[in-house]
Amino acid sequence: MRGIVLLNPNYKIGDLHTDESLAIQKIVTDRYMEENNISPVILNPYQIHPFYTIPHELLSNLQSKKTGQIDCLVLHSLETIERFNYIYPEKWYELCGYFKGIISVTTQTPVRKYEAK
């Protein structure tokens, strides 16, 4: 299975600082990817990290690479993408269309399935 991780560097888990929260998001999503044999997809060979922190950049890379559908988008939780979804619902919907499923690791179940186009 192939997947892309999207983290939110501005999301705060409880009373933790954003840096600590990002580290926890990374640890939890990395563990989930490893336990479920999900290979990270690297769309941009020049990206520094094997995950994305900017949804707009992820969408742009998906549009330019013409990769077709990828198995899953892995998020720490739906709350990490809530603001983006609220402000840009059409972009969130378009982004979701590139994936067969969206996985929220904190619930560890697919939260939305999309049919192949």
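What counts and how
Residues numbered from 1 in each chain as written. Predicted model: local features only at pLDDT ≥ 70, side-chain atom pairs only at ≥ 80, totals over all residues. Heavy atoms only, no water. Helix = DSSP H or I, 4+ residues; strand = E, 2+ residues; numbered from the N terminus. Buried < 20%, exposed > 50% of the residue type's maximum accessible area, 1.4 Å probe, protein only. Arc of directions from axis to C-beta. Core = buried A, V, L, I, M, F, W, Y, C linked by side-chain atoms within 4.5 Å. Contact = heavy atoms within 4.5 Å. Axes fitted to C-alpha atoms, helices over the stretch in contact; angles between N-to-C directions. Parallel < 35°, antiparallel > 145°, perpendicular 65-115°, else oblique. Left-handed = near helix turned anticlockwise from the far one by under 90°. Nonpolar A, V, L, I, M, F, W, Y, C, P; charged D, E, K, R; others polar. pLDDT = per-residue confidence, 0-100. Polar contact = N/O pair within 3.5 Å; in protein donor to acceptor, adjacent residues only side chain to side chain.

**Observations regarding the environment of Thr53**
And step 1. Its location among the elements puts Thr53 in the loop between strand 2 (39–40) and helix 2 (55–65).
And step 2. Each C-alpha atom of the pair Thr53 and Asp30 lies 14 Å from the other, and the pair is 23 residues apart in sequence.

**Let's talk about helix 4 (residues 89–96)**
And step 1. Of all the positions in helix 4, only Trp92, Leu95 and Cys96 are classed as buried. When helix 4 is viewed along its axis, its buried side chains cluster within an angular range of 100° and face the same direction.

**Thoughts on the nonpolar core**
And step 1. Ranked by internal contacts, the top residues of the largest apolar core, which has 19 residues, are Ile4, Leu58, Leu62, Leu73, Trp92, Leu95 and Phe99.
And step 2. Secondary structure elements with two or more residues in this core: strand 1 (2–6), helix 2, strand 3 (70–75), helix 4 and strand 4 (99–104).
And step 3. Beyond its immediate chain neighbours, meaning those up to four positions away, Leu58 contacts Ile4, Leu6, Leu43, Tyr52, Leu73 and Leu95.
And step 4. Core analysis: the next-biggest nonpolar cluster, separate from the first, contains 10 residues, Leu7, Met33, Cys72 and Val74 among them.

**Quick word on the packing of helix 2 against helix 4**
And step 1. It is at 10 Å that the axes of helix 2 and helix 4 come closest, and there the two elements cross at 45°. As summarised for this structure, helix 2 and helix 4 are arranged oblique, according to the angle between their axes. As for how helix 2 packs across helix 4, the hand of that crossing is left-handed. In this structure, helix 2 uses His56, Leu58, Leu59, Leu62 and Gln63 to contact helix 4, whose residues at the interface are Lys91, Glu94 and Leu95.
And step 2. Its residues assigned to classes, the contact of helix 2 with helix 4 comprises 4 nonpolar, 2 polar and 2 charged.

**As for the environment of Glu94**
And step 1. Tracing the backbone shows Glu94 in helix 4.
And step 2. Residue Glu94 is classed as partly exposed on the basis of its relative accessible area of 35%.
And step 3. The contacts of Glu94, once residues within four sequence positions are left out, are Leu59 and Gln63.

**Digging into the confidence of the model for the chain**
And step 1. Per-chain confidence: the chain averages 87 in pLDDT, with 91% of residues scoring 70 or above.
And step 2. Within the model, pLDDT remains below 50 along residues 108–117, and this stretch shows 24 contacts once partners closer than five positions in the same chain are excluded.

**Considering the side chain of Asn8**
And step 1. With respect to the secondary-structure elements, Asn8 resides in the loop between strand 1 and helix 1 (18–35).
And step 2. Looking at Asn8, the relative accessible area reads 18%, which means it is buried.
And step 3. Side-chain polar atoms of Asn8 contact the backbone nitrogen of Asn10, separated by 2.8 Å.
And step 4. Not counting residues up to four positions away in its chain, the partners in contact with Asn8 are Leu22, Gln25 and Thr80.

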